[in-house]
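# Commentary on secondary and tertiary structure
Residue strings, one per chain:
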Amino acid sequence: HDGVGSQLIAARHLAGQGTLSASELASLLDECIDDLRLMIDSLEPTDGDLVTVLGNLRYRLTERLARQGLALRWEVTTLPPTGLAPRDILQVLRIVQEAVANVLKHASATEVVVSASLTGDGRAIVLSVRDNGRGFPTSATGAGNGGRGLGNMRQRAATVGGRLEL
């Protein structure tokens, strides 16, 4: 709800003001549709198979990112089932989705790399989103920088027993 709902409200508001072109409105609605598909994908019975769910996300993102001039490099290795419930898988997907959205909005990057692998001891999964963009000052890594994205990502990570590192 927090992705689709806010996107639809924003699209409705901007459309009502007449400040969006038809292509901009179509792009916003495409994001809403992608978000709905993401939620549906996370509910599929995958038995905590993060690789499959991430693969679905990759399928959904690749073309849209390419249209916006951002190449997606995928470095996801074979992972054991996580045992995560569908709602927790959705939290993980939302973290990746927000990280990629941040790259699009703020990084001026040409490439984003999504990787997932086991730690050396095999006890945890490291999921990483990196880009070749301009980065941001370390003071921007707190939740109080005007936006809620990083704080939401931290909270989502904690919800599934993980942590967010920048």
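Remember, it's a predicted structure, so these values are computed and weren't measured experimentally. All residue numbers refer to position in the chain's written sequence, counted from 1. A pLDDT threshold of at least 70 governs which residues receive local features in this predicted model, and a stricter bar of 80 or more applies before side-chain atom pairs are shown or counted, although totals over entire chains, interfaces and linings include all residues. Calculated side-chain values reflect all of the structure's heavy atoms, with hydrogen atoms and water omitted.

## Some points on the sheet that holds strand β1 (residues 71-76)
Applied cut-off: In short, DSSP must find at least two bridges between two strands for them to pair. Each helix corresponds to a stretch of at least 4 residues labelled H or I by DSSP, and each strand to a stretch of at least 2 residues labelled E; elements are numbered beginning at the N terminus. Fitted lines through C-alpha atoms serve as axes, helices being fitted only where they are in contact, and the angles separating the N-to-C directions of these axes extend from 0 to 180 degrees. Only heavy atoms enter the contact rule, under which two residues are in contact if any of them lie within 4.5 Å.
Ordered in space as β1-β2-β3, the three strands form an open sheet in which the pairing is mixed. Strands with a single pairing partner mark the edges of an open sheet, and in this sheet they are β1 and β3 (125-131). Each adjacent strand pair in this sheet contributes to an overall mean axis angle of 10°, direction not counted. Sheet topology note: the strand β2 (residues 111-118)/β3 ladder contains seven bridges and is antiparallel. Across the sheet, residue Ala116 finds its bridge partner in β3, namely Leu127. Across the sheet, helix α4 (residues 86-107) is in contact with β2 and β3; its angle to β3 comes to roughly 15°.

## Some details on the nonpolar core
Among soluble globular proteins, nonpolar side chains are generally buried collectively. What counts is decided by this rule: What is meant by a nonpolar core is a set of buried Ala, Val, Leu, Ile, Met, Phe, Trp, Tyr and Cys residues, joined one to another through side-chain atoms within 4.5 Å. Between buried and exposed lies partly exposed: a residue is buried under 20% and exposed over 50% of the maximum accessible area for its type, with that area taken using a 1.4 Å probe on protein chains only.
Judged by nonpolar contacts, the single largest core of 23 residues is most densely connected at Leu54, Leu57, Leu65 and Leu93. Looking at this core, the elements with two or more residues in it are α3 (50-67), β1, α4 and β2. At seven residues, α4 tops the list of elements feeding residues into this core. Setting aside anything within four residues of it in sequence, one finds Leu54 in contact with Trp74, Val76, Leu93, Val96, Ala116 and Leu127. Ile95, Leu150, Met153 and Ala157 belong to the second-largest nonpolar core, a separate cluster that totals five residues.

## Overview of unusual backbone geometry
In this structure, Ser108 takes a positive phi of about 55° despite not being glycine. Using a relative accessible area of 58% as the deciding quantity, one classes Ser108 as exposed.

## Brief notes about the packing of α3 against α4
Packed helices, taken two at a time, are described by their axes: the angle between them and the distance between them. Our working rule: For classification purposes, angles smaller than 35 degrees are called roughly parallel, those larger than 145 roughly antiparallel, those between 65 and 115 roughly perpendicular, and all remaining angles oblique. Left-handed describes a crossing in which the near helix is turned anticlockwise from the far one by less than a right angle; the clockwise case is right-handed.
Two numbers describe how α3 lies on α4: the axes approach to 11 Å, and their chain directions differ by 25°. With respect to α4, the element α3 is oriented roughly parallel. As for how α3 packs across α4, the hand of that crossing is right-handed. Between α3, through Leu50, Val53, Leu54, Leu57, Leu61 and Leu65, and α4, the contact on the second element is made entirely by Ile89, Val92, Leu93, Val96, Val100 and Leu104.

## Some points on the packing of α4 against helix α5 (residues 149-159)
For clarity, the threshold we go by: Residue classes follow a fixed rule: Ala, Val, Leu, Ile, Met, Phe, Trp, Tyr, Cys and Pro count as nonpolar, while Asp, Glu, Lys and Arg count as charged, and any other residue, Gly among them, counts as polar.
Across the interface, α4 lies against α5 with an axial gap of 9 Å and an inter-helix angle of 155°. In terms of orientation, α4 lies roughly antiparallel with respect to α5. Every pair of crossing elements has a handedness; the one defined by α4 and α5 is left-handed. Between α4 and α5, the residues in contact are Gln91, Arg94, Ile95, Glu98, Ala99 and Asn102 and Gly149, Leu150, Met153, Arg156 and Ala157, respectively. Tallied by class, the residues present in the contact of α4 with α5 amount to five nonpolar, three polar and three charged.

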